[in-house]
Amino acid sequence: MFDTPARPAPLRIEIEAPADGAAVEALVLAAFGPGRFAKTAERLREQARIAAGFVAREDEQIIGSVRLWAISIGGEPALFLGPIAVSGSSRRAGLGGDLVQACIDHAGDAGILLVGDLPYFGRFGFRSAPDVRLSGPVDQQRVLWRGEGEAAGVVLPG
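As the structure is a prediction and not an experimental result, all values here were calculated from the model.

Participant: Honestly, the overall build of the protein chain in this entry has me stumped. Any pointers?
Facilitator: On a plain count of helices and strands, the protein chain comes out with four helices and 10 strands. In the protein chain, the succession of α and β elements from N to C terminus is β-α-α-β-β-β-β-α-β-α-β-β-β-β. In summary, the protein chain has a C-alpha radius of gyration of 17 Å against a globular reference of 15 Å for 158 residues, a match within 12%. Based on the C-alpha atoms only, the size of the protein chain along its principal axes is roughly 70 × 30 × 25 Å. Within the protein chain, the fraction of its 158 residues that count as buried is 42%. Sequence-distant contacts in the protein chain: of pairs separated by 6 or more residues, those separated by 24 or more amount to 55%. Split by element, the accessible area of the protein chain, about 8,900 Å² in all, is 55% carbon and sulfur. Positive and negative charge centroids in the protein chain, built from 16 and 19 side chains respectively, lie 4 Å apart.

Pasting the structure below:
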């Protein structure tokens, strides 16, 4: 009789459940360290409500996460994406891109704002948002928008 090698559980991207909160926070802290709390994007997330969250699971362990936050830009509703966190052992396998795509698919026609690198996020349709202002210091070249038309105005929790 031959033993069949065990197959690893498939990677799944699913909607974040309330019970996932502690694991997601631990993953984000491991990925970004305590310095994340000094960032303007984090100040915005502290005041906004989560509109949706996604986790990547492998063998029932959360190895990636991303959230969308309800915001407004110049009085118009939008979503703020981030942070994207992937466990160190799972990086460079495209998982971050899969998580971004889950957010885009979920958002539908809603506009999405993020603070990130255009060379990475441009492939998902993000472009510079020079007329969007966050309420704190941020490298304006890293403020990116994906949506119909141009976004303009001050970003506030939605």
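Participant: Is there a simple way to explain the pattern of salt bridges in this structure?
Facilitator: Opposite charge on two side chains lets them pair, provided their charged atoms get close. Counted under the stated rule, the structure contains 10 salt bridges. The partner of Glu25 in a salt bridge is Arg67, with the nearest N and O atoms 3.0 Å apart. Note that Glu25 is positioned in helix H1 (residues 21-32) and Arg67 in strand S3 (residues 61-73), a separation of 42 residues in sequence. Asp117 is paired through a salt bridge with Arg142; the nearest N and O atoms lie 2.3 Å apart. With Asp117 in the loop between strand S6 (112-115) and helix H4 (118-121) and Arg142 in the loop between strand S8 (132-133) and strand S9 (143-146), this pair connects stretches of sequence that are 25 residues apart. If you follow the salt bridges from partner to partner, you end up with Arg12, Glu14, Asp20, Arg57 and Glu60 in one network.

Participant: Even after reading the chapter, I still don't get unusual backbone geometry, so can you show me in this structure?
Facilitator: Glycine aside, a negative phi is what most residues show, and trans is what most peptide bonds show. Here the amide bond leading from Gly82 into Pro83 is cis, since omega sits at -10°, within 30 degrees of zero. Inspection of the secondary structure puts Pro83 in the loop between strand S4 (76-81) and strand S5 (85-86). Look at Asp59: it is not a glycine, yet its phi comes out positive at around 50°. Looking at the secondary structure, you find Asp59 in the loop between strand S2 (49-58) and S3. Phi is positive for Glu60, which is not a glycine, with a value near 65°. Relative to the elements of secondary structure, Glu60 occurs in the loop between S2 and S3. Here Glu60 falls in the exposed class, since its relative accessible area comes to 56%.

Participant: What exactly am I supposed to notice about the side chain of Ser72 here?
Facilitator: Mapping Ser72 onto the fold places it in strand S3. Discounting chain neighbours no more than four positions away, the residues touching Ser72 are Pro77, Ala78, Val154, Val155, Leu156, Pro157 and Gly158.

Participant: Help me out: how do you make sense of the packing of aromatic side chains in this one?
Facilitator: Note on aromatic pairs: each is described by the distance of the centres and the angle between the planes. Applying the stated criterion across every chain yields a total of three aromatic pairs. Ring geometry for Tyr120 against Phe121: centres 4.8 Å apart, planes inclined by 80°, an arrangement best described as edge-to-face. Accessibility expressed as a relative area gives 9% for Phe121, which makes it buried. Geometrically, the ring pair formed by Tyr120 and Phe124 is tilted, given 6.0 Å between the ring centres and 55° between the ring planes. Exposure remark for Tyr120: the relative accessible area of 30% places this residue in the partly exposed category.

Participant: I keep staring at helix H2 (residues 40-47) and nothing clicks. Help me out?
Facilitator: Residues three or four positions apart in an α-helix share a direction because the helix packs 3.6 residues into each turn. Those residues of H2 not exposed but buried are Thr40, Ala41, Glu42, Leu44 and Arg45. Of the surrounding secondary structure, the elements contacted by the buried residues of H2 are S3, S4 and strand S10 (153-157).

Rules of the game
Residues numbered from 1 in each chain as written. Predicted model: local features only at pLDDT ≥ 70, side-chain atom pairs only at ≥ 80, totals over all residues. Heavy atoms only, no water. Helix = DSSP H or I, 4+ residues; strand = E, 2+ residues; numbered from the N terminus. Rg over C-alpha atoms; globule rule 2.2 N^0.38 Å. Buried < 20%, exposed > 50% of the residue type's maximum accessible area, 1.4 Å probe, protein only. Contact = heavy atoms within 4.5 Å. Areas by Shrake-Rupley, 256 points an atom, 1.4 Å probe, with all protein chains shown as cover. Lys, Arg positive; Asp, Glu negative; His and termini not counted. Charge placed at Lys NZ, Arg CZ, Asp CG, Glu CD. Salt bridge = Lys/Arg side-chain N within 4 Å of Asp/Glu carboxyl O. Phe/Tyr/Trp six-rings, centres within 6.5 Å; stacked < 30°, edge-to-face > 60°.

Function-wise, these values are silent; they only describe arrangement.
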